[in-house]
Every structure is written in structure tokens, then in C-alpha cells.
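# Summary of the model geometry
The lines below spell out each chain.
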Amino acid sequence: MSTTITPSNLKSTITDSKLAPASPLSEFWQETSALTRRLFIQLQRRPSTLIAGIIQPLMWLILFGALFQNAPQGLFGSDVSYGQFLGAGVIVFTAFGGALNAGLPVMFDREFGFLNRLLVAPLASRYSIVLASAIFITVMSLIQTTAIIAMGAALGSGLPNLPGLFLVGAIVLLLVVAVTALSLGLAFSLTGHIELIAVIFVTNLPLLFASTALVPLSFMPTWLQWVATLNPLSYAIEPIRYVYLHSDWSLSSIVLQAPWGSVSLGSALLVLLGFAAVALLSIQPRLRKAFA
Amino acid sequence: MAPAVTIEKLQKRYGSVEAVKDVSLQIEPGEIFGLLGPNGAGKTTTLRCLCTLTEPDAGKIIVSEISVLEDPRSARQHLGYVAQEVAIDKVLTGRELLQLQAALYHLPKPLAQERINLVIQRLGLESYIDKKSGTYSGGIRKRLDLAAGLLHQPDVLVLDEPTVGLDIESRVAVWNFLRQIRDEGTTVLLTSHYLEEVDALADRVAIIDQGVVIAAGTPSELKDQVGGDRITLRIREFSPLDEAERAKQLLESLPTVQEVIINNAQGNSLNLVVQPQSDALMTVQQALQAAGLPTFGIAQSRPSLDDVYLAATGRTLLDAEIAAAGSRDEKTERKKSMR
């Protein structure tokens, strides 16, 4: 290693004046895009997360599809194969799992002190840190969703019509925003990544099995039907499933027959919107404290 | 000229631990100011309060005439912070980290480009900058971190233990660099628990112990205040204790000798405090000769910063380090460092 540090004058070669103030919004965008860029550089150099994130749903489609191959005819609806039924569950679950992990990189940044680098900088708003993570996870989820839809189509589950595809995208987006917010909130509340991983671990699979991802409500005992219809994931799964199976869908289509009544596509979307709003609001106090 | 940094009556506690009890400092523009103290003395907490990472319980902090507590965002613009543990993203190249840093300080693209090239050249990073920073040695990482801290040309560069864990070459390189930027007008505030670092580098020093500033001034002022010269005497390379004690009694009776301490850790050598600028060295040698005691080694010196610390706290910096190491607990440390 060389020890010479070139002696040239730091101040003389560049304009010494403090920078002309840009608008807060353009500053916010500058820092957000730089932080987002960092996450994408990481992804590009370490693509294993994305590769695993595409292989895993593929294995689900194939393995779970095989597991329930001999299920009684008509269980999933008339003329519906399990593969067709399962696609929506895999889409939602993959997006959910990805978003649930959103807090991990932030937690590592906290633990390794990289977050301090961001917090000593005169950021226009520290919400740029949160927004950058959200943008990154959303893009990841949309890539995964596209891959699952394509694989599902290749495996014979068909495709929703074009507006249906947009609806699938919108539902994934709402769910990812909500869950990413919760995960980021946890990343600023828990003491370390071990704790965060533990929370992710106990949340992930129970929410999967207590939803309509793998089996229809009619297959479940009544108490589980109640749990599954209180699980926000079911409100993402059922509309997607519906637009997969019905090209004539509308907002008033009934997508879920809960033990306490029927749920239309429109009201399922409202439930998701509410879930996202509650998630975003609930992390505010914690973020404000962390960013004070 | 207004001070670069003013800290007044700073206080911060973590649970039952009073990390900072009463710290007041005034740092002049264009000087290197050293904060010396053992681990756990409150140095890092003081810096974290200054750099807006930690909110103090009480006190006032002014940087470039901006109140850090009232307007933290403006204050950040004037501060550069180089943490003790180099926090770089191993996957990014050095250049990518600097580009991120430039965006966080909202430098416009062309200016960012120019500044990045400048700091790369200044810190001799040319051959490393486009490699992933995970491949860097400790010294290169530190240089990259310094480069990042200087990118926005802060008025005050704050460094927490800048040379811990560095090899001697890198250490000297960092010292020289800090002197250069000081000469160009940047105010430098650094913490250290290395006596020689503060002695070699700092224009002014504050010694901090258990959250309180116990002495402040130029290194030479502080040493003068302690008074007396120091003589280190070794009768033999390893003296038996009874012989050392006999010598101690003998030397204590000399008028120029103020105090004699037997240092068990150094083969029962004798540490003497003597009247400054006296002929004590000769007197001591003559007395030993007359008593028939040999001399393995003898040296006279002015007091060191450690003597200043010893005089103020009754223990050496090394003893304080050892005591502090035993009392640190993981939970409090994590609470202090994580956000």
C-alpha cells in the first residue's frame, strides 16, 4: 500500500461558495434516486435474491400443483384445475414474502453503521431512506409477479385479460406497500436482525396457511374460515383468482363467500387500501422517533 | 472570529449510565482539537450529539454559528463525520460510494464529478476507486471514508478514533492528511485514546474522563500545569523489590526529588517526579553510586499527557482503559450506537 497522499490544495481548485439551494423536492428526489440506485447495484452484483425469488414460486407451482393433483373434482370450482387455482396464491405469497423482508437491508445498515452515514447527511427528508426501499421492493415484486404469471401460463393456468393484468399489478402494489411499511417499521423498532428474522419467520408461514392461498374456504373448518377471512392476504388472493377465472369480472363481482357474508371485488380492494393506509400510519410514530 | 464549534454543558444519559455529565468545549476555526480519554469516557457520545445522531438531554451545541439542536439540517451541511467503524457498502465500488455521498449532500452532478476526482487524487485512491470496497485493506477503507467525509467540504471535520486498527504507515498518512486540511482552513475535531496521537496532532486538547472535561489547553500548557520533570530509573533490568524499595527511600531524601513510585509492571523500575530544569539527573546518579547501587538505565523527560491524566484522575490512561473494558455491557453499547 502506498502511503503518499498527494498534497494539492483542496479548497483552491473548486468553487468555495456554498451551493445554491435547490428546491426541497428536487433534493428529495436526488437522494431517493441515489439510495434506490444503491439497492439496484447491490441486486445486479448479488442477483441471488432475485434468482431465488423466481425459482421459489416456480417450485411452488410445480410441487404444490402435484401435491393436490388428486384432490376431488370440483373442489376448486367447476372446470378449475389446482394449477389454475394456485397461481393467485403463489403471486400474493411471493409478493408478501419479498415485502416482509424489506426491513432486513435497513436493519443491516443500522447494525453496520451505514445508516449513520445517511443520518449525518443533510437529507431533505429522511423518508427518502424508506421510499428508496419501497421502490426497490415494489420493482422486485413486479418482476417476480410477471415471472410467475408467465410460468403459470406456460404450465396451463391461462392468463387474465389485459385489464385483469393491470388489476393484478395494482393489488400486488397495494399489498407490497402495506407489508413493506410494516417491515420497515419493525426494522426501526427491533434490536437486531436476529429478532427481525424471528418475526418474519413466525409471520410468514402461519399467514400462508391461514389464507385462501392453497385451498378454498369451503375446504377449511369454520373457525379457520373466520381466520382466513380476517387475513388481509385473502383479500389480495381472491380478486386475483377471480380475474384469472372470469374474463367478465367487475368491481361488483363476488370474490369471497365469508362465513359472515359475501365480499365483492371492489370491497376487497377497499380492504387492501385500508390495510395499506393503516400500515403506513402505524409506522409513523416509530419513524418520526428514529428520524428525529 | 466566532468559534467553529461551541459545546456548552452537554449532558446525555443512557438508562442509568451517565455517558456525558458535563462537557463544555470551544473549538477555534482552523485548529486540530483532540478529545483524549479512555474508552467509555463519553467521547463518542459527545461527537454523536454534535453530529445530530444523538439528542442530548441538556446543553447547547453551536457549529458555524448554527444551533445543532434547533436547526440540525443546516448544521449537517457544515459537518463532516468519519465514524470509528468504517461503514462502507462492500458491494459498491469506492466511486459509487462517493457518488451516493455526493447525492446525499445534494451536490449537482458536474460539481460532484469534480469533487470526487479531487478527493480521489487527494487521498491517493486512484488505483482502488473502481474496485469493490469489500476488497480494500483497513487503511484504504479509512481513506475512502475520509474522502467521503470531505466531499461536501465541511467547515468542521469530526473524526471518531481515526486511526484505531490501522497499521503505522496508514496512521502516519492519516495524520499528515489531517494536518494538511487543517492548514487549508478546515477545523478538525478528533477523539483518541492514543496519547501519542493527540500529542503529535492536536493544537489543543481536552481530556475527558467519566463524562466530564477534566483539563483543556495546548498539550504543552497541560504538561506545564502538572509541573515537575519525570525521571525513569532502572537499577537493574529486573530489580528485586527490596532493592527497589531501598533505592526509593534513598532517593526520597534528596531535595530535588518530589515523589518516587515503584512500577511493578516494568520490572520494579522507579518513576521519579523531580523539580523541572534541575540537575536532578546527576544528583540521583551520584546518590546511587554513593550507596553502591548500579544503574541499568536512567532517562529524564518532561511530563507526558498521561501524567496530566494521572494528576487529574489519580490513575493512568491504561488503568482506566482496563477498568472501562470490564464495565462495558453489550446492551448499552448497542443502544448508544444504533438508531
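Residues numbered from 1 in each chain as written. Chains lettered and ligands numbered in written order. Predicted model: local features only at pLDDT ≥ 70, side-chain atom pairs only at ≥ 80, totals over all residues. Heavy atoms only, no water.

Another point: the confidence of the model for chain B. In regions of low pLDDT, the predicted coordinates are not meant to be interpreted in detail. All names here are of chain B. For chain B, the mean per-residue pLDDT works out to 88, and 96% of the residues sit at or above 70. Mean pLDDT values over the elements of chain B span from 66, in helix H13 (residues 330-337), up to 96, in helix H3 (residues 94-104). At the level of chain-chain contacts, confidence expressed as ipTM amounts to 0.83, with global pTM at 0.83. (pLDDT = per-residue confidence, 0-100. Helix = DSSP H or I, 4+ residues; strand = E, 2+ residues; numbered from the N terminus.)

This paragraph deals with the pattern of salt bridges. Residue and element names in this part refer to chain B. Tallied over the full model, the rule gives 21 salt bridges over all chains. Among the ionic pairs, Glu31 bridges to Arg204, the shortest N-O distance being 2.9 Å. Residue Glu31 is found in the loop between strand S2 (17-27) and strand S3 (32-36), and its partner Arg204 is found in strand S9 (residues 204-209); the two are separated by 173 residues along the sequence. Residue class for Glu31 comes out buried when judged on its relative accessible area of 9%. For Arg204, a relative accessible area of 23% puts it in the partly exposed group. The partner of Arg171 in a salt bridge is Glu197, and the shortest N-O contact between them spans 3.8 Å. (Salt bridge = Lys/Arg side-chain N within 4 Å of Asp/Glu carboxyl O. Buried < 20%, exposed > 50% of the residue type's maximum accessible area, 1.4 Å probe, protein only.)

To continue, consider the pairing of strand S7 (residues 156-160) of chain B. All names here are of chain B. Burial within S7 is extensive, with five of its five residues counted as buried. Side chains Val156, Val158 and Asp160 of S7 all project onto a buried face; the interleaved residues Leu157 and Leu159 project onto the opposite face, where all are buried too. As paired strands, strand S6 (residues 79-82) and S7 are joined by four bridges and run parallel to one another. Across the sheet, Tyr81 pairs through a bridge with Val158, a residue of S7. In this sheet, strand S8 (residues 187-192) lies alongside S7 in parallel orientation, the contact comprising five bridges. Bridge pairing links Val156 to Thr187 in S8. Following the chain from S7 across helix H6 (residues 168-183) to the adjacent parallel S8, one finds a crossover that is right-handed. (Pairing = 2+ DSSP bridges. Right-handed = clockwise from strand over helix to strand, strands pointing away.)

All names here are of chain B. Counting through the fold element by element, Arg171 comes out in helix H6. Taking the relative accessible area as the measure of exposure, Arg171 reaches 14% and is therefore buried. Not counting residues within four places of it along the chain, the set of residues in contact with Arg171 comprises Thr163, Leu166, Tyr194, Glu196 and Glu197. (Contact = heavy atoms within 4.5 Å.)

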